[in-house]
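# Chain and residue survey
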Amino acid sequence: LQMLTAGWDELECHRVFNFLWELSNLARKVQTVVSSKPGSARRLELRIRLFCRGVLLSPGSRRSDSAFWLTRILKPWPMVNQARLLYIIFGPVSSRDGHVVWQKMIEGPTDETSLKGLADAIKLLYGTEAREWTADDVISLVDELSVVPQEWLMENSARLLLLSGNSICFTFMASKAVNGRAVELARLMVFMVLVCEKDLYCMDWAVRMMQKVCKVFSTPWERNNFLQCLENFFARMLMDMLQAVLAGERDEEDSSFLNLFHLMNAQANFHKEILYLAMGSTSST
């Protein structure tokens, strides 16, 4: 299909899409899965996923082509259904039977592999190739995605943003700063620091992202309030994790102690980078 339609006028590609959409009866199938309980129509979800990925979004396609076809798939639906559909097409699947794993983002921290498809799709829609999407559209889509099928663990939301790239990450966080959601922003920032530590990203990135976000606040009071919320959330998370360790809440992987270990290292490395930056600025002046 990609080879056949290469160089075609966009209107002609629209007609091709409409023909395939009607021929495969995809509109009815999509309507069924987005209005049903996630996982209740597993075979249908898998069919939609395989058709969209194998026919319309085939590997190796140009970014502009992929952006066009993905836009055609998502745009006819309300935002909440777009998020569901995006998860069906790009979300994690079972290695056993290939069906979409809906509980993956809710039950525990996940890895980059499970989020890469979703992150790549978000980058595609945020890029210049996807002309029909504004930054606000993509931010709203990411917001909706993070509650599919229920609210994700914050660590997984932070990991998705990190994988989606600097631009979408900053835009998403800046929107929270502009809208006065300092507590949410501080919580997200702490989990980004934790992900940087766990996934071996440079902690300097997290500090510089925080600096950029601080510049978005319109008054010094708002900025200082955000920084206070940030430190408070670090302290609260550490106390909660320490309490879990002292209470003897252990599993096979001893995750409560491991979580505490990662967060303490994350906080230490984050503050170390801040000190390096502050001392560097002091010495240069």
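Calculation criteria
Residues numbered from 1 in each chain as written. Predicted model: local features only at pLDDT ≥ 70, side-chain atom pairs only at ≥ 80, totals over all residues. Heavy atoms only, no water. Helix = DSSP H or I, 4+ residues; strand = E, 2+ residues; numbered from the N terminus. Buried < 20%, exposed > 50% of the residue type's maximum accessible area, 1.4 Å probe, protein only. Contact = heavy atoms within 4.5 Å. Lys, Arg positive; Asp, Glu negative; His and termini not counted. Charge placed at Lys NZ, Arg CZ, Asp CG, Glu CD. UniProt positions renumbered as here; feature names shortened; annotations may be inferred. Expected span 1.5 Å × (residues − 1). Bend = angle between axes of the 7 residues up to and from the residue. Phe/Tyr/Trp six-rings, centres within 6.5 Å; stacked < 30°, edge-to-face > 60°. Lys NZ or Arg CZ within 6 Å of the ring centre and 35° of its normal.

Within an unreviewed UniProt entry, the label attached to the protein reads FBX47 protein, and the organism entered is Quiscalus mexicanus.

### Some points on the overall build of the protein
Check the secondary structure of the protein and you find 15 helices and 0 strands. C-alpha atoms of the protein, sized along the principal axes, occupy 65 × 50 × 30 Å. The buried share among the 285 residues of the protein stands at 46%. Across the protein, every contact between residues at least 6 apart in sequence was considered, and the portion connecting residues at least 24 apart equals 69%. Taking the 31 positively charged and 32 negatively charged side chains of the protein as two groups, their mean positions are separated by 4 Å.

### As for the UniProt feature "domain: FBXO47 ARM repeats region" (unreviewed entry) in the protein
According to UniProt, the positions carrying the feature "domain: FBXO47 ARM repeats region" (unreviewed entry) are residues 24-237. For residues 24-237, helix accounts for 70% and strand for 0%, while the C-alpha atoms at its two ends are 50 Å apart.

### Considerations on helix H8 (residues 112-126)
For H8, which comprises 15 residues, the first-to-last C-alpha distance of 20 Å matches the rise-based estimate of 21 Å (1.5 Å per residue) to within 8%. The largest bend along H8 reaches roughly 25° and is located at Leu118. Taken residue by residue, H8 has Ser114, Leu115, Leu118, Ala119, Ala121, Ile122, Leu124 and Leu125 as its buried positions. Lining the buried residues of H8 we find helix H5 (63-74), helix H6 (79-90), helix H7 (104-107), helix H9 (135-145), helix H10 (154-164) and helix H11 (166-178).

### Regarding the packing of aromatic side chains
In this structure the tally under the stated criterion is 8 aromatic pairs. Aromatic pair Phe68 and Trp69: ring centres 5.1 Å apart, planes at 80°, arrangement edge-to-face. Between Phe191 and Phe233, the ring centres sit 6.3 Å apart and the planes meet at 55°, which makes this aromatic pair tilted. Highlighted residues: Phe191 in helix H12 (residues 182-198) and Phe233 in helix H14 (residues 220-246), separated in sequence by 42 residues. Of the two residues, Phe191 and Phe233, neither departs from the other in class, the shared state being buried. Lying over the aromatic face of Trp102, Arg84 brings its terminal NZ or CZ to 5.8 Å of the ring centre. Here the basic side chain of Lys212 rests over the ring of Phe170, its NZ or CZ set 4.4 Å away from the ring centre.

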